[in-house]
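A structural walkthrough
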Amino acid sequence: MEKSAAHYLQIYDAQLRTDAETQGSEKVQRLGPLYLATFAQGQGFITYPHITGTEPVPLCDLVAPALAHFAAQPQISSVEFKTRGHDNTPGLEQELHTHGFIAQDAEAVMIGPLQELAAVQKIPAGVTLRSITTRADIQAMCRMSDQAFGERFDSHAAEELCDRLEHTDGMEIWVAEDDHQMVGAGRLEPVAGSDFAGMWGGSVLPEYRGRGIYRALTAARARSALARGLRYAHSDSTKYSQPILERSGMLAVTTTTPYLWTRP
C-alpha cells in the first residue's frame, strides 16, 4: 500500500529523532526534552523529540542553558541546534539568533521505500560504482566531495570517516568513478533499532551532473540496505537532490534547518 507523507512523518518522529541522531556520540546529557550530544572533533549537537507546544517549558527557554553546557567545555568548537518545520516552537528562532546561532540552509526531510530506490539499474556509460574502505580512498573521496561543493578540503572530516569505518558502525561509503577518477560519492548509514538507512553526503562533480550518477549511487546504497533487512531510506536533501529522490519514490515530509554556533 502506498504510504502518505503524513504516515512517513509519524515514522520519522518515532524512529529517527533523539537516540537515533546521537548514535556514535561520545556522551549525551539531557536538559528537559533536549538531547545534548558531544561528538568527536569538538562538535556539539542539540536535538529533541517532536514538540507540540504543550510542554511545560517552552523550547526557547532552554537555548541559553543548552549553549552554556557546551560553552563550558573548552574542547567544543561548534554546536548545531537542529530544528524541524513541523514542530510548534514559538520564539525559538529569535532566541537562537540572540545567542549567536546562525541559520544554515533549510533542507527537505525525504523518506521513501528502499525498494523503489533500488529499482534503478542503469549505470551511466563509462562509470563504475564501488564501496571504499581504505584511508587513501576516503581522503580522495572527501577531496572530491569538497571540490563538488566548492569548499576547502576538510582533513578533520576525512579522519572522522576513517575512524567510523574502523569502529564498524555499519556505515558504507560508495563512489562513482570515470576512468579511475572519483566523480561522485555518497554514504549509507543504517540507523540501529529502526527500519531506516540514511542516505548522506551525496555529491557529484559539476561537470558530471545530469548523467544519472547521483541516482545510480543512491540505487547501489539502497540495494545494500535492503540486503541488511531495512525498509526505508531517509535523507536531508538540498533543492538540487530533492527532485532526483522524488522521482525515485521518496516524499518530502517536513523541513529541517540547522542553526550553528561557533566559538568566538
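Preceding block: the structure.
Notes on the structure in this doc start here. (Residues numbered from 1 in each chain as written. Predicted model: local features only at pLDDT ≥ 70, side-chain atom pairs only at ≥ 80, totals over all residues. Heavy atoms only, no water.)

**Quick notes on helix 6 (residues 155-166)**
Since one α-helical turn is 3.6 residues long, residues separated by three or four positions face the same way. For helix 6, spanning 12 residues, the distance from its first C-alpha to its last is 17 Å, which sits close to the expected 16 Å at 1.5 Å a residue. The complete set of buried residues in helix 6 reads Ala158, Leu161, Cys162 and Leu165. Each buried residue of helix 6 lies within a common arc of 100° when the element is viewed along its axis, so the set occupies one face. Each element contacted by the buried residues of helix 6 is listed here: strand 7 (127-132), helix 5 (135-148), strand 8 (172-178) and strand 9 (181-190). Two or three places before His156, at the start of helix 6, stands the capping residue Asp154, its side-chain oxygen 3.0 Å from that residue's backbone nitrogen. Phi for Thr168, located one or two positions after helix 6, is positive at around 45°. (Helix = DSSP H or I, 4+ residues; strand = E, 2+ residues; numbered from the N terminus. Expected span 1.5 Å × (residues − 1). Buried < 20%, exposed > 50% of the residue type's maximum accessible area, 1.4 Å probe, protein only. Arc of directions from axis to C-beta. Contact = heavy atoms within 4.5 Å. Polar contact = N/O pair within 3.5 Å; in protein donor to acceptor, adjacent residues only side chain to side chain.)

**Overview of the pattern of salt bridges**
For the coordinates displayed, the defined rule picks out 11 salt bridges. Glu172 is the partner of Arg228 in a salt bridge, and the nearest nitrogen-oxygen pair spans 2.8 Å. Of this pair, Arg228 sits in the loop between helix 7 (213-227) and strand 11 (232-237) while Glu172 sits in strand 8, and the two are 56 residues apart along the sequence. Note on Arg228: relative accessible area 41%, which makes it partly exposed. Measuring nitrogen to oxygen at the nearest pair gives 2.7 Å for the salt bridge that ties Arg187 to Glu189. Connected through shared salt-bridge partners, Asp13, Arg17 and Asp87 make up one network. (Salt bridge = Lys/Arg side-chain N within 4 Å of Asp/Glu carboxyl O.)

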